[in-house]
Amino acid sequence: LLAWTKEFAVEGVAGEDINGLLQEALVKEGLSNVQPAAVINDTVAVQLAAAYADPAVCIGSIYATGFNASYLESYADKAAKPQILNLEAGRFSKLMPSCYDNELDDLSADPGEQRLEKMVSGRYLGRLFSLALADCWHTKEDFSFTSRDLSVLLQDDSAGMEKAGQLLAVKTGRQLTLEEAAMVRDIARTFTTRSARLAAAVYAGILWHLGTDKERHIAVDGALYAK
């Protein structure tokens, strides 16, 4: 492991061989008959698993607490053997962040790192929304919304927005009018739509690199995508 992301910070892992640590743990638990051959990235695992069912899959992606993508590099017209490349796409930084992105990054455990992931993934969307809402209301309160809360807001398309209103009342301590609740929902939709567009841009960039000579499928897994 080179470094932890998504605010994780478990001691004794960075700089170590993950497969070796797993084997030591198995032996400690009396499972010495289990011999792990390798530990693979979850994104690569999604791509491999999906490719067994659909040979057209050439891109894998995790769209959940974190965000990442991998793809099959054919090294066309080169001697190198085709292989799956794990992009660690969440580290992409050639972006135009908003003031809320910069504030979230400054408050994070790893400022300057994982800039795309901090704009896209489930670990951070609720926090970005909270910062924007606090700014709208000219307060420094931390409303502690989660990406699951955003789902509740976006799924409530009822005329009275009862579920959304109840959630907002609990999280903010405010009784909002229907017009105010609709505005707050629009803010949530702005962040989630941007997230989807940035993720799609990653996939488009890979497809642009691979070319349009044949049909290519993308395997995506993760709670943020699924729900």
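Here the structure is shown first, and the text comes after it.
Heads up: these notes are all about the structure in this document. (Residues numbered from 1 in each chain as written. Predicted model: local features only at pLDDT ≥ 70, side-chain atom pairs only at ≥ 80, totals over all residues. Heavy atoms only, no water.)

## Section: the pattern of salt bridges
Counted according to the given criterion, the structure contains 10 salt bridges. For the salt bridge of Lys171 with Asp149, the shortest nitrogen-to-oxygen distance reads 3.2 Å. On the criterion of sequence distance, the pair formed by Lys171 in helix H7 (residues 162-172) and Asp149 in helix H6 (residues 147-155) is long-range, its members being 22 residues apart. Where Asp213 meets Arg216, a salt bridge forms, and the shortest distance between an N and an O atom there is 2.4 Å. Overall, the relative accessible area of 19% leaves Arg216 in the buried class. (Salt bridge = Lys/Arg side-chain N within 4 Å of Asp/Glu carboxyl O. Helix = DSSP H or I, 4+ residues; strand = E, 2+ residues; numbered from the N terminus. Buried < 20%, exposed > 50% of the residue type's maximum accessible area, 1.4 Å probe, protein only.)

## Remarks on a nonpolar patch on the surface
Together, Leu1, Trp4, Phe8, Val10, Ile18, Leu22 and Val39 line one region of the surface with nonpolar side chains, adding up to about 570 Å² of accessible area. Examined against the element boundaries, Trp4 turns out to sit in the segment before helix H1 (18-28). Given the relative accessible area of 32%, Trp4 is considered partly exposed. (Patch = residues over 30% accessible without salt bridge, like charges linked within 9 Å, V, L, I, M, F, W, Y side chains within 5 Å. Areas by Shrake-Rupley, 256 points an atom, 1.4 Å probe, with all protein chains shown as cover.)

## Observations concerning the side chain of Arg115
Within the element layout of this structure, Arg115 appears in helix H4 (residues 115-120). Since its relative accessible area comes to 15%, Arg115 is described here as buried. At a separation of 3.4 Å, a polar atom in the side chain of Arg115 contacts the side chain of Asp105. Ignoring anything within four residues of it in the chain, the contact list for Arg115 reads Gly90, Phe92, Ser93, Leu95, Pro97, Asp101, Asn102 and Asp105. (Polar contact = N/O pair within 3.5 Å; in protein donor to acceptor, adjacent residues only side chain to side chain. Contact = heavy atoms within 4.5 Å.)

## Quick word on the packing of H6 against H7
Each packed pair of helices is defined by two parameters, the angle between the axes and the distance between the axes. In contact at an axis separation of 8 Å, H6 and H7 are set at 145° when each is read in the N-to-C sense. Taken as a pair, H6 and H7 cross one another with a handedness that is left-handed. Along the contact surface, H6 presents Asp149, Val152 and Leu153, while H7 presents Lys163, Ala164, Leu167, Leu168 and Lys171. A class-by-class count of the residues in the contact of H6 with H7 yields five nonpolar, no polar and three charged. (Axes fitted to C-alpha atoms, helices over the stretch in contact; angles between N-to-C directions. Left-handed = near helix turned anticlockwise from the far one by under 90°. Nonpolar A, V, L, I, M, F, W, Y, C, P; charged D, E, K, R; others polar.)

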